[in-house]
Amino acid sequence: MMSLLGQIEVNTGDLHGASNGGVLLGMLLLVSLLGAAVVALLGGRTVPAETKSDATKPEGVGGGDLLGRSLAIAVSLATVVISALIAIGMSGPIDLTGVPAHDQLGETFRVMFDAGGAFSLDGPPKFSMVFGLDSVGLWLVVLTTVLTLVALVGGLSFVRDRYAAFAGWILLLQAAVIGAFSARDVLLFYFFFELTLVPAFFLIGGWGGLERRRAAMKFFIYTFAGSVFMLASILYVGVDCGTFEMSAWTAHLQHNITGVESRWVIAGLLAGLLVKVPLIPLHSWLPLTYTQAPAPVTALLSGVLAKLGTYGLLRLVVPALVEPTSGMQVASTLAHPTITIAVAVMAVVGILAAALIAWMQSDFKTLVAYSSISHLGFCVLALLALNTLGLQAALLYMINHGISTAGLFLILGMIERRVGTREMGLVSGLGRERPWLAFFLVLFVMSSIGLPLTNGFVSEFLSVMSAITADHLGWGMMILAAAGILLGAIYMLYMTAGLLFGPERIPATAGQDSGLASDQGAESASNDRASSLRRVPDLRFGEILGLAPLAVLVIVLGVRPGVILDHSKPELQLASQPIATIGSSSAASADVSAGDSVDVVPVDVVPVVSTDDRPVPAGGSLVRLESSAGRVGP
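Quick caveat: nothing in here was measured; it's all calculated off a predicted structure.

Asks: How would you explain the overall build of the protein if you had to name every residue and give the values?
Replies: Of the regular secondary structure elements, the protein holds 23 helices and six strands. Taking all 634 residues of the protein together, 60% fall into the buried category. Here the contacts in the protein between residues at least 6 apart in sequence split such that 78% fall between residues at least 24 apart. Split by element, the accessible area of the protein, about 23,100 Å² in all, is 67% carbon and sulfur.

Asks: I'd like a description of helix α22 (residues 541-559), backed by residues and values.
Replies: Its 19 residues place the ends of α22 27 Å apart at the C-alpha level, agreeing with the 27 Å of an ideal helix rising 1.5 Å per residue. The largest bend in α22 is about 35 degrees, located at Ala-548, with the proline Pro-549 one to four residues further on. Listed in full, the buried residues belonging to α22 are Glu-543, Ile-544, Gly-546, Leu-547, Leu-550, Ala-551, Val-554, Leu-557 and Gly-558.

Asks: Residue-level account of the environment of Ala-271, with values.
Replies: By secondary structure assignment, the location of Ala-271 is in helix α11 (residues 259-276). Residue Ala-271 is classed as partly exposed on the basis of its relative accessible area, which comes to 22%. For the pair Ala-271 and Ala-225, spaced 46 residues apart in sequence, the C-alpha to C-alpha distance is 8.7 Å. Not counting residues up to four positions away in its chain, the partners in contact with Ala-271 are Gly-226 and Phe-229.

Asks: Quick one: what's the story with the environment of Phe-244, residue by residue and with numbers?
Replies: Within the element layout of this structure, Phe-244 appears in the loop between α9 (212-241) and α10 (246-255). The sequence separation of Phe-244 and Phe-189 amounts to 55 residues, and the corresponding C-alpha distance is 10.0 Å. In contact with Phe-244, other than residues within four places in its own chain, are Pro-125, Lys-126, Asp-185, Val-186, Leu-187, Ile-234, Leu-235, Gly-238, Val-239 and Trp-249.

Asks: Tell me about unusual backbone geometry, residues and numbers included.
Replies: Put simply, Val-277 and Pro-278 share a cis peptide bond, and its omega is -10 degrees. Residue placement: Pro-278 occurs in the loop between α11 and α12 (286-292). With an omega dihedral of 15 degrees, the bond running from Ile-280 to Pro-281 counts as a cis peptide bond. In this fold, Pro-281 is placed in the loop between α11 and α12. In this model, Leu-386 sits at a positive phi of 60 degrees, which is unusual for a non-glycine residue. Mapping Leu-386 onto the fold places it in the loop between α15 (364-383) and α16 (388-419). Backbone geometry places Leu-453, a non-glycine residue, at a positive phi of 80 degrees. Tracing the sequence through the fold places Leu-453 in the loop between α17 (435-449) and α18 (455-469). In this structure Leu-453 comes out as exposed when scored by relative accessible area, which is 60%.

Asks: Requested: an account of the pattern of salt bridges, with residues and values cited.
Replies: Throughout the structure, instances matching the rule amount to seven salt bridges. Taken together, the shared-partner salt bridges connect Asp-363, Glu-416 and Arg-422 into one network.

Asks: If you had to explain helix α5 (residues 137-158) to someone new, which residues and values would you point to?
Replies: With 22 residues, α5 ought to run about 32 Å at 1.5 Å a step, and its terminal C-alpha atoms sit 30 Å apart, in line with that. When you tally the buried positions in α5, you get 20 out of 22 residues, the bulk of the element.

Asks: How would you summarise the packing of aromatic side chains if you had to cite specific residues and measurements?
Replies: Evaluated as defined, the whole model comprises 20 aromatic pairs. Between Phe-439 and Phe-440, the ring centres sit 5.1 Å apart and the planes meet at 70 degrees, which makes this aromatic pair edge-to-face. Look at Phe-439 and you get partly exposed, because its relative accessible area is 42%. You can call Phe-440 buried: its relative accessible area is 3%. Centroid distance Phe-457 to Phe-461: 6.1 Å. Interplanar angle 15 degrees. Geometry classified as stacked. Residue Phe-457 and its partner Phe-461 are located together in helix α18, separated by four residues, close to a single helical turn. The partly exposed category is assigned to Phe-457, whose relative accessible area is 34%. Under the relative-accessibility criterion, Phe-461 is labelled partly exposed at 45%. The structure contains a cluster of three or more aromatic residues connected by ring pairs, namely Trp-169, Phe-201, Phe-202, Phe-220 and Phe-224. One residue, Arg-69, lies across the ring of Tyr-163, its end atom 5.3 Å from the ring centre. The ring of Trp-207 has Arg-162 lying over it, and the distance from NZ or CZ to the ring centre is 4.4 Å.

Asks: Quick rundown of the packing of helix α8 (residues 197-207) against helix α13 (residues 295-317)? Include the residues and the values.
Replies: Running from N to C, α8 and α13 point in directions that differ by 150 degrees, and their axes come no closer than 10 Å. Judged on the interaxial angle alone, α13 and α8 are roughly antiparallel. The interaxial crossing formed by α8 with α13 has left-handed handedness. Of the residues in α13, those touching α8 at Ala-200, Leu-203 and Ile-204 are Val-297, Leu-301 and Leu-305.

Asks: Break down the nonpolar core for me, citing the residues and quoting the values.
Replies: Ile-411, Leu-441 and Met-495 are the most contacted members of the largest nonpolar core, which totals 185 residues. In terms of residues, this core owes the most to one element, α16, which gives 18 residues. Dropping the residues within four chain positions of it, Met-495 is found in contact with Phe-364, Leu-367, Val-368, Leu-412, Met-424, Leu-441 and Val-445.

Asks: If you had to explain a nonpolar patch on the surface to someone new, which residues and values would you point to?
Replies: Together, Leu-356, Trp-359, Met-360, Leu-486 and Ile-490 line one region of the surface with nonpolar side chains, adding up to about 530 Å² of accessible area. Elements represented by at least two residues in the nonpolar patch include exactly α14 (337-359) and α19 (474-500). With respect to the helices, strands and loops of the structure, Trp-359 is situated in helix α14. Residue classification places Trp-359 among the partly exposed positions, given a relative accessible area of 39%.

Asks: I'd love a proper account of the environment of Glu-543, names of residues and values included.
Replies: Relative to the assigned elements, Glu-543 resides in helix α22. For the pair Glu-543 and Ile-411, spaced 132 residues apart in sequence, the C-alpha separation works out to 8.8 Å. Aside from chain neighbours lying at most four places away, what touches Glu-543 is Ser-157, Met-414, Arg-417 and Arg-418.

Asks: Please provide a residue-by-residue account of the packing of α17 against α19, values included.
Replies: Between α17 and α19, the shortest axis-to-axis distance is 9 Å and the interhelical angle comes to 170 degrees. With respect to each other, α17 and α19 are oriented roughly antiparallel. Between α17, through Leu-437, Ala-438, Leu-441, Val-442, Val-445, Met-446, Ser-448 and Ile-449, and α19, the contact on the second element is made entirely by Ile-485, Gly-488, Ala-489, Met-492, Leu-493, Met-495, Thr-496, Leu-499 and Leu-500. The residue makeup of the contact of α17 with α19, split by class, is 14 nonpolar, three polar and no charged.

Asks: Please give an account of the side chain of Ser-466 that cites residues and values.
Replies: Its place among the elements puts Ser-466 in helix α18. Judged by relative accessible area, which is 0%, Ser-466 ranks as buried. Once you skip the residues sitting within four places of it in the chain, Ser-466 turns out to touch Ala-382, Ala-385, Asn-387, Leu-389 and Gly-390.

What counts and how
Residues numbered from 1 in each chain as written. Predicted model: local features only at pLDDT ≥ 70, side-chain atom pairs only at ≥ 80, totals over all residues. Heavy atoms only, no water. Helix = DSSP H or I, 4+ residues; strand = E, 2+ residues; numbered from the N terminus. Buried < 20%, exposed > 50% of the residue type's maximum accessible area, 1.4 Å probe, protein only. Contact = heavy atoms within 4.5 Å. Areas by Shrake-Rupley, 256 points an atom, 1.4 Å probe, with all protein chains shown as cover. Expected span 1.5 Å × (residues − 1). Bend = angle between axes of the 7 residues up to and from the residue. Salt bridge = Lys/Arg side-chain N within 4 Å of Asp/Glu carboxyl O. Phe/Tyr/Trp six-rings, centres within 6.5 Å; stacked < 30°, edge-to-face > 60°. Lys NZ or Arg CZ within 6 Å of the ring centre and 35° of its normal. Axes fitted to C-alpha atoms, helices over the stretch in contact; angles between N-to-C directions. Parallel < 35°, antiparallel > 145°, perpendicular 65-115°, else oblique. Left-handed = near helix turned anticlockwise from the far one by under 90°. Core = buried A, V, L, I, M, F, W, Y, C linked by side-chain atoms within 4.5 Å. Patch = residues over 30% accessible without salt bridge, like charges linked within 9 Å, V, L, I, M, F, W, Y side chains within 5 Å. Nonpolar A, V, L, I, M, F, W, Y, C, P; charged D, E, K, R; others polar.

If you want it as structure tokens, here you go:
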């Protein structure tokens, strides 16, 4: 299978012939990194209270923390704007059909930011500090910046002290995730993949629940242990290939490392990536981590960090699972059928088992944690279909799952803060007199179970369809996965009905420690309805403002999923085609896409793909796919 990263034009710096996309991408990385440092250093400065009103402010709302809040929101807004400018530049003008005009012409545009020089090693093996975005990484970066802003706005309600430090770690986490999604070098990807552990560890351990330290250690140890095997695989292929450039690294793994060695390399990659997703039985760190982390951090863990696992599968593992073909043959065969089917079975087992476990939960946050495991099984299953439809479904699922689970964890965190418990048996009737709380909970639940006209519907439908169209998966996998959809609807609707409907039942201590109740409500021990309403108010304006962007995305992507599907289709069509064996004269006849011609420049026998004009490693071949609208392949 053709490496996605092999399709990125290294010497392309312009976006649609206008603004310099490479500069924007560099700005995005630098603003995130420098913003994290500035917020943590300047935002944490304390301002002495000189008046009685200042002295009586709650902890964490002093002058220094107010500065930290302002700086954090400003930096996050800046990253959202920059990522939006990159997306606009890469998408081009939209016509009345909603399809980007340049995609109608068969053109694709990518951005590249080279931070090499002193940070690059000529090797061998070669390492480069090069970042780039194509139509796959672009949407994940946009998702990251949006969810970071939502988490920071949500943190204004959840974090009552040391907000500047909290925001600094959040912004560092954003920088690490963006670096991983845009890395054009496998070793660079691994560096940022691991860097995400540091801010996540301190966020969980510093602002989590009663078992936060245990949760932080478990999260760190599990994910770090798995990534050690991943590093061994990366180094083995990179040293043998002579470079860590992603396209060449992936092509070398597919063509030149075969048999037992290839299986061990893939197993090492899976050990690191499937723990990050996670799939059962590599999931045991997740329930404790998700329940103990503060709601804004859980939203990022489920909405963004879990996608590093599925993204890594798409970039590094999926191409190695397809047998390279030659000549006119375009239909791919499985290079490692045992591994492919085994991981597919893990995905289906995860869908069903996690759904059943979620159904049995009385803690609503734990329920959604297991729900996340179940849903990500659909994403992995779609990837293993190894066809264009599956890759499209997986990309859309990554984005939609990030939106819906982030929204669910945030709204449930707001409920927990109001009622003082996560036990569903102790709470009911919250829908009365709280229309905004009920609206957002129902909307995100509908998105999670895949109600038509919400973003989750198209993702699940395409994932199941991709399994049907893949001969090695077929109807059996589809039927089992569909059962997981049914189970998901049952336990999510059960949770919603229990929390919102029925007689109003709220713990007597609800609202007393949340900072939301009035003095009268906090002092009252009465359980009458009026007192309950004072102690457990509806969502405030700031909370509504934080949830609104996710609610809008649920509707927009539910009605117009083509915004992502149409833009990424040319890239994923190329990615779903097997790499023809280099040196065959008939390779030029491969069906790449309408109007494309293939120019093969043989150098030697062993194929190594390069995406730029730099010298190809000894024994390699340089392959470019030329399009009438410009280069669209490696």
